[in-house]
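Structural features, examined
Next come the chains, spelled out residue by residue.
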Amino acid sequence: MSTHEPSADRDGCPAPTGADSPSRSAAVSAVVPAVPAVEPPVEPAAGPGPRSATEAPREAARGTEQDADGDPADEPGASPRSRSRELLLLAGTCLLALLLVNAFVARPFAVPSGSMENSLRTGDRLIANQLAYSFGGHPQRGDVVVFDGTGSFRRGSAEPTGFGGALRTLGRDLGLAPAGDSVYVKRVIGVGGDRVTSTGPGERITVNGVPIDESSYLAPGDEPSNVAFDVLVPAGKLWVMGDHRSASRDSRDHLGEPGGGFVPEGKVIGRAEWVVYPVGHWAGLDRSAAFAAVGGTGGHGDQR
């Protein structure tokens, strides 16, 4: 005897039999509602192609995070490389400006000795105003001046050459090194046309016959001069002395030399204006009022 296995539908269920059974298409449509087909999402191709509306803003935002060199930036509009270039440029500009100011306007100097105590002390840093005597100005009695003593206080100066000499010059220009053996700082006592005299210990110095009260700046215990002298200052020259008279080699010590101890006005670098270091010595170096009574008694070529 044989058996008959009913044919199965595609889902594995027995196919319906009989004349009144619904057709396959009717049964499927009655049980399972029609569902529209949904296409699976398509991954974007690796190569260039059209961008969606959401991708374009994201790429534009990423583009702003890169600098001109293509390097990612830590901050908008700047990169480490560009910031380094800007800092180097700023440092170079500041150094150039400082050197120009030192060359033409105000120059720092380190005081190498105690010949101007107590007005200036060893190691003080002062600022010399290089414009003080520009445009027809002249040093005045009582001014503290910085000058090059070559040809008056010194016969010559042997400066080092090469890279070491350049570094030393730069250090002097920035006030970080002593000004050198040929640069001095002294107080102007007489100008061109003045007659300056001293009779030695115990007496004041006179300028054009007027005794000068120097007690406001002379070092305590110092005499105005232990050396007697009587000089007539040539036009365009200066007679200078240190405030610490017993420790100063100044115009008095060069009387017998070719320059006669006189400093040419053209050798004056500038007028000492301020002490800027150390902090405890900050002070302005004003012209002394001790020479007020000498006004109108000669000077700057009017030899009387």
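Preceding block: the structure.
Scoring rules and cut-offs
- Residues numbered from 1 in each chain as written.
- Predicted model: local features only at pLDDT ≥ 70, side-chain atom pairs only at ≥ 80, totals over all residues.
- Heavy atoms only, no water.
- Salt bridge = Lys/Arg side-chain N within 4 Å of Asp/Glu carboxyl O.
- Helix = DSSP H or I, 4+ residues; strand = E, 2+ residues; numbered from the N terminus.
- Buried < 20%, exposed > 50% of the residue type's maximum accessible area, 1.4 Å probe, protein only.
- Pairing = 2+ DSSP bridges.
- Contact = heavy atoms within 4.5 Å.

1. Quick word on the pattern of salt bridges
Scanning all chains against the criterion turns up seven salt bridges. Here arginine 141 makes a salt bridge to aspartate 194, at a shortest N to O gap of 2.7 Å. On the criterion of sequence distance, the pair formed by arginine 141 in the loop between β2 (125–129) and β3 (144–148) and aspartate 194 in the loop between β4 (183–191) and β5 (195–198) is long-range, its members being 53 residues apart. Here the two residues arginine 141 and aspartate 194 agree in accessibility, since each one is buried. Across the salt bridge formed by arginine 195 and aspartate 230, the nearest N and O atoms sit 2.7 Å from each other. One end of the pair, arginine 195, is in strand β5; the other, aspartate 230, is in strand β8 (residues 229–232), and 35 residues separate them in sequence. For arginine 195, a relative accessible area of 43% translates into the label partly exposed.

2. Remarks on the sheet that holds strand β7 (residues 210–211)
Overall, antiparallel pairing links the four strands, which are arranged β7-β6-β5-β8 in an open sheet. Across the chains shown, the open sheet's two edge strands, defined by having one partner strand only, are β7 and β8. Relative to strand β6 (residues 206–207), β5 runs antiparallel, the two being bridged by two bridges. In the sheet register, threonine 197 faces β6, and the bridge partner there is threonine 206.

3. Some details on the side chain of serine 152
Within the element layout of this structure, serine 152 appears in the loop between β3 and α4 (162–173). For serine 152, a relative accessible area of 3% translates into the label buried. In contact with serine 152, other than residues within four places in its own chain, are His254, Glu257, Phe262, Val263 and Pro264.

4. A closer look at the pairing of strand β11 (residues 268–277)
Within β11, seven of the ten residues are buried, leaving the element largely enclosed by the surrounding structure. Here β2 pairs with β11 via five bridges, running antiparallel. Directly across from arginine 125, in β11, lies its bridge partner tyrosine 277. Across three bridges, the pairing between β3 and β11 is antiparallel.

5. Some remarks on unusual backbone geometry
Here the amide bond leading from glutamate 117 into asparagine 118 is cis, since omega sits at 5 degrees, within 30 degrees of zero. Within the secondary structure, asparagine 118 sits in the loop between β1 (106–110) and β2. Here the bond from tyrosine 277 into proline 278 is cis, since omega is -5 degrees, no more than 30 degrees from zero. With respect to the helices and strands, proline 278 occurs in the loop between β11 and β12 (283–284). Its identity as a non-glycine residue notwithstanding, phenylalanine 135 has a phi of 60 degrees, on the positive side. Here phenylalanine 135 is to be found in the loop between β2 and β3. Phi at asparagine 208 takes a positive value of approximately 55 degrees, unusual for a residue other than glycine. Residue position: asparagine 208 is located in the loop between β6 and β7.

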